[in-house]
Number of protein chains: 2
Amino acid sequence: MADIVKQLDYIFKPRSVAVIGASDNVTKWGYLVIERPLRTGYKGAIYPVNPQADTILGLPSYRSVKDIPGSVDLAVITTQASHVPSVMQQCVDKGVKGAILISAGFAEASIEGKDLEEKVMAIARSGGIRCVGPNCMGIWSAAGQLNNAFLTSPKNGEIAFISQSGTFGGYMAELASAKGYGLRMFVSIGNQGDLNVADYIEYLSYDDETKAIILYMEGVKDGRRFFNVCREALKKKPIILYKGGSSPAGSRAVMSHTAAIAGSEIVFQNVCRQLGLIRAEESFQTFEMAIALLGQPLPPGRRFAILGTGGQSVASIDACQRLGLEVPELDRRTSERLMAMLPPHAPMPKNPVDFAGSYRTAVDEANVVEILLQQDYIDGVISNVPINPAAWGHKVENASASALLAEIAAGVEKGTKQFCQLPRKYNKPIVCVRWSSEVKKDTVAEKLTEAGIPVYETPEQCARAMYALTVYAELKRANRGV
Amino acid sequence: MADIVKQLDYIFKPRSVAVIGASDNVTKWGYLVIERPLRTGYKGAIYPVNPQADTILGLPSYRSVKDIPGSVDLAVITTQASHVPSVMQQCVDKGVKGAILISAGFAEASIEGKDLEEKVMAIARSGGIRCVGPNCMGIWSAAGQLNNAFLTSPKNGEIAFISQSGTFGGYMAELASAKGYGLRMFVSIGNQGDLNVADYIEYLSYDDETKAIILYMEGVKDGRRFFNVCREALKKKPIILYKGGSSPAGSRAVMSHTAAIAGSEIVFQNVCRQLGLIRAEESFQTFEMAIALLGQPLPPGRRFAILGTGGQSVASIDACQRLGLEVPELDRRTSERLMAMLPPHAPMPKNPVDFAGSYRTAVDEANVVEILLQQDYIDGVISNVPINPAAWGHKVENASASALLAEIAAGVEKGTKQFCQLPRKYNKPIVCVRWSSEVKKDTVAEKLTEAGIPVYETPEQCARAMYALTVYAELKRANRGV
């Protein structure tokens, strides 16, 4: 096992956690980092450390980490910066294995803070303690069921999120959870006094449960190592990057935030292209792209078919073209095969395939997608009308209408099942926009999502998802020398 | 009253509606356009017309529109294209005032269809009937409480949405409703055989309840009239445009969709700039921008203060700079005043103002925003942490914690109230991103939204909202000769 795995497992899968600076004051981090793991099901031991308290949140409190009877894998430190050196020395004496330094007031604050940070790190190194932070906002680890970030209800999943901003990272992780996206790990990396972005990426590259890595970065400290670690990790899983500070004023804001120098935008662009990193233009697009990478096969090329009617198709094709994706014309034979499945007034199928806004049986729709995926010049399908639930939700009184509804429902069930199997059957991706009348309660979308087919709100999100799949597919082919 | 108002009121505020091609078949438009208005509370008379039925959805059915006993303001026509000329003649004979032609198979389908369309329009003109469509997907009118589009549950509001795509327009309207955005009107304009985009804009310019107009357009038929009507309407309310077909392939897709020629992208860009139309890069950004325009004062300039910690501020400032918005440095005195309200370890306040991720009282936060709005070089505030509900949602057992929570809650209530009043007090806009721990159930966001302060999911959406306000403010100033 790689050293980094052994070391970081103490942080992300600790058997016991000491909270130094523990507090019953609900406005303090020392409260939060006990309350959250208790609430979200951490199974190991939690030891509050606070010389002024007997119990905290109902748990016995210790005067010092050294007074804790059992062994301590991880220390979470929330005390004032000036106390951290002595606290860290106690951790070394105790034989603590890893630390998360929530405390702020280090390199990000002043020259003196920088000196203090170096002092703390030297003490930690002397005891072999690896450190997250300082000036960070904790972690969520599905492997350890440990939540000492301020996430209210993280959902277990396959996305790992490494964030150079604590608040913003935490917010995005929370938003992702609210949208049902599962997280394998979230780490607020703070000042990177010890562990840096590259270390976390390396660690995650060995974690088979991590299927995609998202980075929020403002700058790189050791560019060469970052490059090399990314190159190795990318052989195993995709990495999606959103970089803050890409504008001149943003770059100044970065400097006062994490003491990082925002790298030149041009350099970053080149690094992304050379490495095959997927770059998101906006912050939350990272997660939207990641869910496609979790559930869908990689496209063999960048030529896609679009399904939908009218404006959706237009918006889709505009978005695809902006991202350099191709939407090839269909051959005559395929057009004719599709025509047999479209309503009589639909125009001759081109790409995008236009359903003419009309009712279709769900099975026909699945068949249309299947025929498209069978073509060797089509590398995946963007569907703006995944499975048309048509009359669902209509209330009708008479029997014949009920019979019709039952037939529609049966068709939708059959069509959805067929649709869900298509990506694996043809080893090509499908991404979807939800269908109109189902925005609020979308049973079809639920089934597609369960099957790993991402369902978005807009055609532009779909196009970006396909772009992310394409970028990673091209890297994989380049690595194989194809 | 302008003619257009009188004419279109028959369509958008009809006292009675005849549905020609009415059906009990749940898969037909002839069913939908009766079921939806019944379900969503249309108060006028609905007359199904179908020679083969005695009743439809429990309502007496008529053999012809001419057999209807009362007067008919609006005819909704869903019959086959070939039958529409005779149906329209019957409408003329009956004295119908307006028509919505759902039926497809006209100019969008073929040369013969184009001839048929012209024939139908000539008949309508002979009887003074104004027509929506053909090849359209109906309307939603809050004024008439009439829903014969396929919207499941439109919400009354102040946004009017004119869409050249029926399905996509309907989808976006549905998505907007699901997000709680209210609609004054939705119209799927179809082939614009009679009424065109300019007519609807002109009509809406007279409707005081319409506070913002959204256009989904693929091309313009009469550019000069469009330009002139927009210029006049823009004196009263903002118009936000998303144009489909901006890429070469998208432009081809447009042609097969609504028989419209997608105008040159460059021409469109110039028209938008000259007119002061707000252009959205992506489809649903139109609605996100519109809600800011509904509730917020227009900024006196394009210089904004950003509030938040770390990464949010960085993403905000990057997004602002991409959109040409300015984020000026704070003067020394203001910085010092703000510093008194920030936590001790926060860095000297610059712009963005960094809260250093720390707990603050909500009242202090409102004060920070207030001080920023008092500066004459700050035209509005983007807040990434509107009101920090801090410890909300934490479960604590002991009394002192309860007291603390009560104090926090009281502070949040007071701070929120103050915050909500600031835009009117200083006549400058505030837009917000929701606060992390409140993504799912956000009581603060609810109050801000009620007060007209838009609350978004991402900093980028915030920046776009400020951009939209800025573009419209600059047009208003230009119109006043400022």
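These numbers were taken from a predicted model, which means no experiment stands behind them.

What counts, and where the lines are drawn
Residues numbered from 1 in each chain as written. Chains lettered and ligands numbered in written order. Predicted model: local features only at pLDDT ≥ 70, side-chain atom pairs only at ≥ 80, totals over all residues. Heavy atoms only, no water. Helix = DSSP H or I, 4+ residues; strand = E, 2+ residues; numbered from the N terminus. Buried < 20%, exposed > 50% of the residue type's maximum accessible area, 1.4 Å probe, protein only. Contact = heavy atoms within 4.5 Å. Lys, Arg positive; Asp, Glu negative; His and termini not counted. Charge placed at Lys NZ, Arg CZ, Asp CG, Glu CD. Pairing = 2+ DSSP bridges. Phe/Tyr/Trp six-rings, centres within 6.5 Å; stacked < 30°, edge-to-face > 60°. Lys NZ or Arg CZ within 6 Å of the ring centre and 35° of its normal. Axes fitted to C-alpha atoms, helices over the stretch in contact; angles between N-to-C directions. Parallel < 35°, antiparallel > 145°, perpendicular 65-115°, else oblique. Nonpolar A, V, L, I, M, F, W, Y, C, P; charged D, E, K, R; others polar. Core = buried A, V, L, I, M, F, W, Y, C linked by side-chain atoms within 4.5 Å. Polar contact = N/O pair within 3.5 Å; in protein donor to acceptor, adjacent residues only side chain to side chain. Salt bridge = Lys/Arg side-chain N within 4 Å of Asp/Glu carboxyl O. Domains from an automatic or database assignment. pLDDT = per-residue confidence, 0-100. Right-handed = clockwise from strand over helix to strand, strands pointing away.

1. Some details on the overall build of chain A
Consideration 1: Each helix and strand in chain A was counted, giving 16 helices and 19 strands.
Consideration 2: Its C-alpha atoms give chain A principal-axis dimensions of about 80 × 55 × 40 Å.
Consideration 3: A total of 482 residues make up chain A; the buried ones form 63% of that total.
Consideration 4: Taking all contacts inside chain A whose residues are at least 6 apart in sequence as the whole, residues at least 24 apart take part in 74%.
Consideration 5: For chain A, the centre of its 52 positive side-chain charges and the centre of its 49 negative side-chain charges are spaced 3 Å apart.

2. With respect to unusual backbone geometry
Consideration 1: Across the junction of B:G133 and B:P134, the peptide omega takes the value 0°, indicating a cis bond.
Consideration 2: Here the bond from B:N351 into B:P352 is cis, since omega is 5°, no more than 30 degrees from zero.
Consideration 3: If you check the backbone angles, A:L57 has positive phi at about 50° while not being a glycine.
Consideration 4: Secondary-structure assignment places A:L57 in the loop between β3 (55-56) and β4 (59-60).
Consideration 5: One non-glycine residue, B:N135, lies in positive phi territory at about 60°.
Consideration 6: Along the chain, the position of B:N135 falls in the loop between β7 (130-132) and β8 (139-141).

3. Focus: the sheet that holds strand β16 (residues 353-354) of chain B
The strands that make up a sheet are held in pairs by hydrogen bonds between backbone atoms, and each pair lies either parallel or antiparallel.
Residues and elements named next belong to chain B.
Consideration 1: On the basis of which strands lie adjacent, the open sheet formed by five strands has the order β16-β15-β17-β18-β19 and parallel pairing. Each edge of the open sheet carries a strand with a single partner, namely β16 and β19 (455-456).
Consideration 2: Bridge count between strand β17 (residues 380-383) and strand β18 (residues 430-433): three bridges; the pairing is parallel. From the neighbouring strand, V381 faces β18, where its bridge partner is I430.

4. Considerations on the packing of aromatic side chains
Consideration 1: In total, this model carries 18 aromatic pairs over all chains according to the counting rule given.
Consideration 2: Ring centres of B:F12 and B:Y203 lie 5.4 Å apart, and the angle between their planes is 25°; this geometry places the pair in the stacked category. On the criterion of sequence distance, the pair formed by B:F12 in helix α1 (residues 3-12) and B:Y203 in helix α6 (residues 197-205) is long-range, its members being 191 residues apart.
Consideration 3: Note on B:F12: relative accessible area 2%, which makes it buried.
Consideration 4: With centroids separated by 5.9 Å and ring planes inclined at 80°, the aromatic side chains of B:Y47 and B:Y62 adopt a geometry described as edge-to-face. Of this pair, B:Y47 sits in strand β2 (residues 45-49) while B:Y62 sits in the loop between β4 (59-60) and β5 (74-77), and the two are 15 residues apart along the sequence. For the residue pair B:Y47 and B:Y62, the accessibility class agrees, reading buried in each case.
Consideration 5: Cluster of aromatic residues (ring-pair linked, three or more members): A:F161, A:Y181, A:F186, A:F284 and A:F287.
Consideration 6: Here B:K236 stacks its cationic end above the ring of B:Y206, 4.5 Å away from the centre of that ring.

5. Notes on the packing of helix α1 (residues 3-12) of chain A against helix α6 (residues 197-205) of chain A
All names here are of chain A.
Consideration 1: Relative to each other, α1 and α6 sit at 95°, their axes nearing to 10 Å. Looking at the two axes, α1 sits roughly perpendicular to α6. Of the residues in α6, those in contact with I4, V5, L8, D9 and F12 of α1 are D199, Y200, E202 and Y203.
Consideration 2: In terms of residue class, the contact of α1 with α6 is made up of six nonpolar, no polar and three charged.

6. With respect to the nonpolar core
If you look at soluble globular proteins, the nonpolar side chains tend to sit buried side by side.
Consideration 1: The biggest cluster of nonpolar side chains holds 202 residues, and the ones touching the most others in it are A:I201, A:L215, A:F287, B:I201, B:L215 and B:F287.
Consideration 2: Contact partners of B:L215, with chain neighbours within four places excluded, come to B:I162, B:V197, B:I201, B:F226, B:I239, B:I240, B:L241 and B:Y242.

7. A look at the environment of B:K43
Consideration 1: For B:K43, the position within the fold is in the loop between α2 (29-39) and β2.
Consideration 2: From its side chain, B:K43 meets the backbone oxygen of B:G41 in a polar contact 3.2 Å long.

8. Some points on the sheet that holds strand β14 (residues 278-279) of chain A
Residues and elements named next belong to chain A.
Consideration 1: Here we have seven strands laid out as an open sheet, ordered β9-β8-β11-β10-β12-β13-β14, and mixed in their pairing. In the strand order of this sheet, the two ends are held by β9 (146-147) and β14, each with one partner.
Consideration 2: Sheet strands touched by α1: β8 (139-141), β9 and β11 (183-188). Its angle to β8, the strand with the most contacts, is close to 100°.

9. Some details on the pattern of salt bridges
Residues and elements named next belong to chain B.
Consideration 1: Taken as a whole and assessed by the stated rule, the structure comprises 34 salt bridges over all chains.
Consideration 2: Here R15 ties to D73 by a salt bridge, and the two come within 2.9 Å at their closest N and O atoms. Here R15 is found in the loop between α1 and β1 (16-20), whereas its partner D73 is found in the loop between β4 and β5, with 58 residues between them in sequence.
Consideration 3: Here R303 and D379 are joined by a salt bridge, their closest N and O atoms 2.9 Å apart.

10. Description of the domain arrangement of chain A
Accessible area lost upon the coming together of the parts serves often as the stated size of an interface.
Consideration 1: Once the domains are mapped, chain A shows domain 1 (1-137), domain 2 (151-295) and domain 3 (297-479).
Consideration 2: The C-alpha-based centres of domain 1 of chain A and domain 3 of chain A are spaced at 50 Å.

11. Remarks on the environment of A:I291
Residue and element names in this part refer to chain A.
Consideration 1: Along the chain, I291 turns up in helix α10 (residues 285-295).
Consideration 2: When the C-alpha positions of I291 and G127 are compared, they lie 40 Å apart, and in sequence the two are 164 residues distant.
Consideration 3: Not counting the four nearest positions on each side in its chain, I291 is found in contact with I159, Y181, P454 and Y456.

12. Details of the confidence of the model for chain A
Parts of the model with low pLDDT should not have their predicted coordinates read in detail.
All names here are of chain A.
Consideration 1: Looking at chain A as a whole, its pLDDT mean stands at 89, while 91% of the residues score no less than 70.
Consideration 2: Residue range residues 391-397 is modelled with pLDDT below 50. Its contacts to residues more than four positions away, or to other chains, number 22 contacts.
Consideration 3: Prediction confidence for the complex, expressed as pTM and ipTM, is 0.93 and 0.92 respectively.

13. Considering the pairing of strand β2 (residues 45-49) of chain A
Residues and elements named next belong to chain A.
Consideration 1: With four of five residues buried, β2 lies mostly within the body of the structure.
Consideration 2: Here strand β1 (residues 16-20) pairs with β2 via five bridges, running parallel. Its bridge partner being in β2, A18 is matched across the sheet by Y47.
Consideration 3: Each parallel crossover has a hand, and the one from β1 via helix α2 (residues 29-39) to β2 is right-handed.

14. Section: the packing of helix α3 (residues 84-94) of chain B against helix α4 (residues 111-126) of chain B
Angle between the axes and distance between the axes: these two values describe a pair of packed helices.
Residues and elements named next belong to chain B.
Consideration 1: At a minimum axis separation of 9 Å, α3 and α4 run at an interaxial angle of 5°. With respect to their mutual orientation, α3 and α4 come out roughly parallel. For the pair α3 and α4, contact is made by V84, P85, M88, Q89 and V92 and by L116, K119, V120, I123, A124 and S126, respectively.
Consideration 2: Across the contact of α3 with α4, the residue classes tally to eight nonpolar, two polar and one charged.

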